[in-house]
Amino acid sequence: MSTAKLPLSIGIIIGNRDFFPDSLVEKARTEIIDVFAKLNLTPVLLGSTDTKLGGVETFREAQKCAELFKRHSEEIAGVLVLLPNFGDEKGVADTLKMANLNVPVLVQAYPDELTKMNVVNRRDSWCGKISVCNNLYQYGIKYSLTNQHVCYPSDALFQQDLKDFVAVCRVVRGVRNVRIGAVGARPGAFNTVRYSEKILQRNGITVTTVDLSEILGKANKLTKDDASVKQHLESINAYVAQGKTPNEAMLQIAKLDVVLKGFMEEYALDATAIQCWTSLQQNYGCNVCTSMSIMSENMLPSACEVDVTGTLSMYAMQLASGSPSALVDWNNNYADDPNKCVLFHCGNWAKSFLPDIKMDTAPILGTTVGVENTYGALDGRTPASPLTYGRISTDDPKGIIKAYFGEGELTDDPLKTFGNRAVAQIPNLQGLMQYVCRNGFEHHVVMNASKTGGILQEALGNYMGWDIYHHKV
């Protein structure tokens, strides 16, 4: 099973210090369980009788909590540290060290009330959070912080922090274990999509390659009478209307779709990057855009031109938002507006971006391979929506993975052209283009209909240790 599809739980450590009131710990445990239920999250935490009220203070209590976490290590994607009082910094740090989960950690602390600063009700969590973070830093344990230094679990701001943290956990767990299929060779004219398999593998990212001839050979052995071909043909027709696409081209698309699905299942792949041109059109007679769109819509992102780090970007952004991503070109200026541009590709975006989707040809590609060999491309305009954009790349001379992310808007500004297209409005777009060009990034970028730039920065910068640029005004 793909790591991204495994059950996701969050471990909880409730810090305690014995000279603070027991009622604070007891109440915190009840409150956080209620919050998790409200957000449909699965907690893993000590029972109220496993230790003193289920809190962690002593080394023995840290051992018990670590043992619990180890038993659930396959499902725990992150840990929440809850500080209803000052807490014991060593107890928290020792738990995480002994559990050795290597997952994101979020540190929360309760606020004090001005009318309850007596011995019976005082928390001192403000100070305790600093001490816990100091110990985590000493231990080399990476951690995240809430937007406000102290907050109640019942606060809307904390609950958004928690949801964002869970998204960070999804990204980290998914990216560390992702399996990508590279189908065919990189198109000769596209040096821009070169990448280092070795750098990716060092970061847990596995690339499985297959020659395009193997895929096409298997597809050519299938016939219109094969049950799998009939099934995929029905699925394609249910996804997008055939329009003017000839039946022969539809059959070719369906057969290719069958083989690609088999390749993904055989190697348990999470994403693909495909040699979409020009060999496919010249040797097989259709575009693979429809199949790629279907995969991306079904959260199995697929990028063209064998852009492996492009599909990795799609996957990371999909994990952050829970919605499909699309690989696009930074393609054109939009009139004389310095903060708008045209995003374009010949036709493989997920259906979520294309409410007016239709199957068509690829006119630009058709000028060299014949339009009749490009059926299967999609046409459609993406309407106004939130935008997170970004790109992950291997910087081979430096031996690192680098990325940039930012947020903006997709607009409904007029745009008369063909293919998959959108208009993006991005603050200080000219400054962003300066950064992209000066730092040797690709002409491909990924878009996602969300506002998840901060989540991606935290997941890939803090926890993966990559070189991240977060574009802001």
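Residues numbered from 1 in each chain as written. Predicted model: local features only at pLDDT ≥ 70, side-chain atom pairs only at ≥ 80, totals over all residues. Heavy atoms only, no water.

Taking an unreviewed UniProt entry as the reference, the chain is identified by name as L-fucose isomerase belonging to Arenibacter troitsensis.

**Section: the sheet that holds strand β8 (residues 271-274)**
Pairing in this open sheet of 4 strands is parallel, and the strands run β7-β6-β8-β9 from one edge to the other. In this open sheet, the two strands that pair with only one neighbour each are β7 (206-210) and β9 (302-304). The sheet shows a mean angle of 20° between the axes of neighbouring strands, taken without regard to direction. Here 4 bridges tie strand β6 (residues 179-183) to β8, and the two strands are oriented parallel to one another. Bridge pairing in β8 links V183 to I274. (Pairing = 2+ DSSP bridges. Helix = DSSP H or I, 4+ residues; strand = E, 2+ residues; numbered from the N terminus. Axes fitted to C-alpha atoms, helices over the stretch in contact; angles between N-to-C directions.)

**Points about the domain arrangement of the chain**
According to the domain assignment, the chain contains domain 1 (9-176) and domain 2 (179-471). On a C-alpha basis, the centres of domain 1 and domain 2 stand 39 Å from each other. The interface of domain 1 with domain 2 comprises 15 residues on the first partner and 19 residues on the second. When the two sides are added together, the surface that domain 1 and domain 2 hide from each other amounts to roughly 1,300 Å², 66% of it contributed by carbon and sulfur. If you look at where domain 1 meets domain 2, you find 0 salt bridges. Between domain 1 and domain 2 we count 7 residue pairs in polar contact (both at pLDDT 80 or more) in total. Among the elements that take part in the side of domain 1 that touches domain 2, helix α5 (residues 156-177) stands out by supplying 10 residues, more than any other. (Domains from an automatic or database assignment. Contact = heavy atoms within 4.5 Å. Buried area = accessible area lost by both parts, 1.4 Å probe. Salt bridge = Lys/Arg side-chain N within 4 Å of Asp/Glu carboxyl O. Polar contact = N/O pair within 3.5 Å; in protein donor to acceptor, adjacent residues only side chain to side chain.)

**Examining the packing of α5 against helix α12 (residues 308-321)**
Contact pair α5 / α12: the axes reach a minimum separation of 7 Å and the direction vectors enclose 150°. If you check the angle between α5 and α12, you find them roughly antiparallel. The handedness of the crossing between α5 and α12 comes out as right-handed. Contacts from A167, R170, V171, G174 and V175 in α5 reach L312, Y315, A316, L319, A320 and S321 in α12. For the contact of α5 with α12, the residue count by class is 8 nonpolar, 2 polar and 1 charged. (Parallel < 35°, antiparallel > 145°, perpendicular 65-115°, else oblique. Left-handed = near helix turned anticlockwise from the far one by under 90°. Nonpolar A, V, L, I, M, F, W, Y, C, P; charged D, E, K, R; others polar.)

**Observations concerning unusual backbone geometry**
A cis amide bond links W277 with the next residue in sequence, T278, at an omega value of -5°. Inspection of the secondary structure assignment puts T278 in the loop between β8 and α10 (279-284). A positive phi is found at D124, a non-glycine position, where the angle reads about 60°. Residue classification places D124 among the partly exposed residues on the basis of a relative accessible area of 23%. With phi around 55°, E305 is a residue other than glycine that occupies positive phi space. Position of E305 among the secondary structure elements: in the loop between β9 and α12. (Buried < 20%, exposed > 50% of the residue type's maximum accessible area, 1.4 Å probe, protein only.)

**Some words on helix α11 (residues 289-297)**
Of all 9 residues that make up α11, 8 are buried, and the element is covered over most of its length. Listing the buried residues of α11 in full gives C289, T290, S291, M292, S293, I294, M295 and S296. Following α11 by one or two positions, M299 adopts a phi angle in the positive range, close to 65°.

**As for the side chain of S296**
Its place among the elements puts S296 in helix α11. Judged by relative accessible area, S296 falls into the buried class, the value being 1%. Apart from the residues within four sequence positions on either side, S296 is in contact with P301, S302, M314, P324, S325 and A350.

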